[in-house]
Amino acid sequence: MGKIDSTTFLSNLIEKYQNLVFSICYKITRDYFIAEDLTQETFLSAFKHKDSFDGRNEKAWIARIATNKSIDYINQAGRRLVPTEDTDMEQYKSKLGRPEAEVLESDFRQNLKNHCLSLSPPYDQIAYLYFYEEKNPKEIAEMSQKNVKTIQTQIYRARNALRKIYEKERSR
């Protein structure tokens, strides 16, 4: 490939292919944060091995590095698991996979229910049915004998009210 300014090489590579590399890593790992890490590792590896790059088809070269990094990560996932002797937790299998996830989900749902019911009428019932019970607007309209468009508007307003409640909680 010949002599090239290293900083320029890396900057150009990142500028051109950052989204592509992240997309590849994310599609393979299905984890946003792991994909971010693997994206960095991909560019680091490309930088380290720039002398072996022949200068042809840069896009395919960087895509192959990203794919290999991601596949390596997936293949090593089993080896990264830390064995534990805590077999007591096995008896607490849940649909979410881990008891702590089930507790967090339960807390989240209770919090959501409380927030929905704290809204003023008619938004309290609309929010409860839509966000907590996960009913669609058509079902809610049939239950309440209202127009679907009316329900959709009320859902929109309830969502904004809930957003404000959650933003207020986050800023504390």
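Details of the structure are given in the entry above.
The structure presented is a predicted model; accordingly, all values stated were derived computationally and were not measured.

Peer 1: So what exactly am I meant to see when it comes to the nonpolar core here?
Peer 2: The nonpolar side chains of a soluble globular protein tend to be buried, and buried together. Counting 17 residues, the largest nonpolar core has L13, V21, W61 and I62 as the members making the most contacts within it. Those elements that place two or more of their residues in this core are α1 (6-29), α2 (32-48) and α3 (58-80). Examining the composition of this core, we find that 6 residues originate from one element, α1, more than from any other. Those residues within four positions of W61 in sequence are excluded, and the remaining contacts are F9, L13, A46, H49, K50 and F53. In terms of nonpolar packing, the next biggest core, distinct from the first, is built from 14 residues, L119, A127, I140 and L162 among them.

Peer 1: Mind showing me how you'd approach the side chain of S70 here?
Peer 2: Its place among the elements puts S70 in helix α3. Contact partners of S70, with chain neighbours within four places excluded, come to I24, C25, I28, T29 and L38.

Peer 1: What exactly am I supposed to notice about the packing of aromatic side chains here?
Peer 2: Centre distance and the angle of the planes are the two values used to describe a pair of aromatic rings. Scanning the entire structure with this criterion turns up 6 aromatic pairs. Arranged with centres 6.4 Å apart and planes meeting at 55 degrees, the rings of F9 and W61 form a pair that is tilted. A residue pair is termed long-range when its members are at least 10 positions apart, and F9 in helix α1 and W61 in helix α3 qualify at 52 residues. Here the aromatic rings of F22 and Y32 are separated by 5.2 Å at their centres, their planes lie at 65 degrees, and the arrangement is edge-to-face. Within this pair, whereas F22 is found in helix α1, its partner Y32 is found in helix α2, the two being separated by 10 residues in sequence. Using a relative accessible area of 21% as the deciding quantity, one classes F22 as partly exposed.

Peer 1: Just checking my understanding: could you explain the packing of helix α5 (residues 123-132) against helix α6 (residues 137-144) for this structure?
Peer 2: When two helices pack together, their arrangement is captured by the angle between the axes and the distance separating the axes. With their axes 10 Å apart at the nearest point, α5 and α6 run at an angle of 140 degrees to one another. When the axis of α5 is compared with that of α6, the two are oblique. Crossing hand, α5 versus α6: right-handed. Packed against α5, whose contacting residues are I126, L129 and Y130, the element α6 presents P137, I140 and M143 at the interface. Residue composition of the contact of α5 with α6, grouped by class: 6 nonpolar, no polar and no charged.

Scoring rules and cut-offs
Residues numbered from 1 in each chain as written. Predicted model: local features only at pLDDT ≥ 70, side-chain atom pairs only at ≥ 80, totals over all residues. Heavy atoms only, no water. Core = buried A, V, L, I, M, F, W, Y, C linked by side-chain atoms within 4.5 Å. Buried < 20%, exposed > 50% of the residue type's maximum accessible area, 1.4 Å probe, protein only. Helix = DSSP H or I, 4+ residues; strand = E, 2+ residues; numbered from the N terminus. Contact = heavy atoms within 4.5 Å. Phe/Tyr/Trp six-rings, centres within 6.5 Å; stacked < 30°, edge-to-face > 60°. Axes fitted to C-alpha atoms, helices over the stretch in contact; angles between N-to-C directions. Parallel < 35°, antiparallel > 145°, perpendicular 65-115°, else oblique. Left-handed = near helix turned anticlockwise from the far one by under 90°. Nonpolar A, V, L, I, M, F, W, Y, C, P; charged D, E, K, R; others polar.

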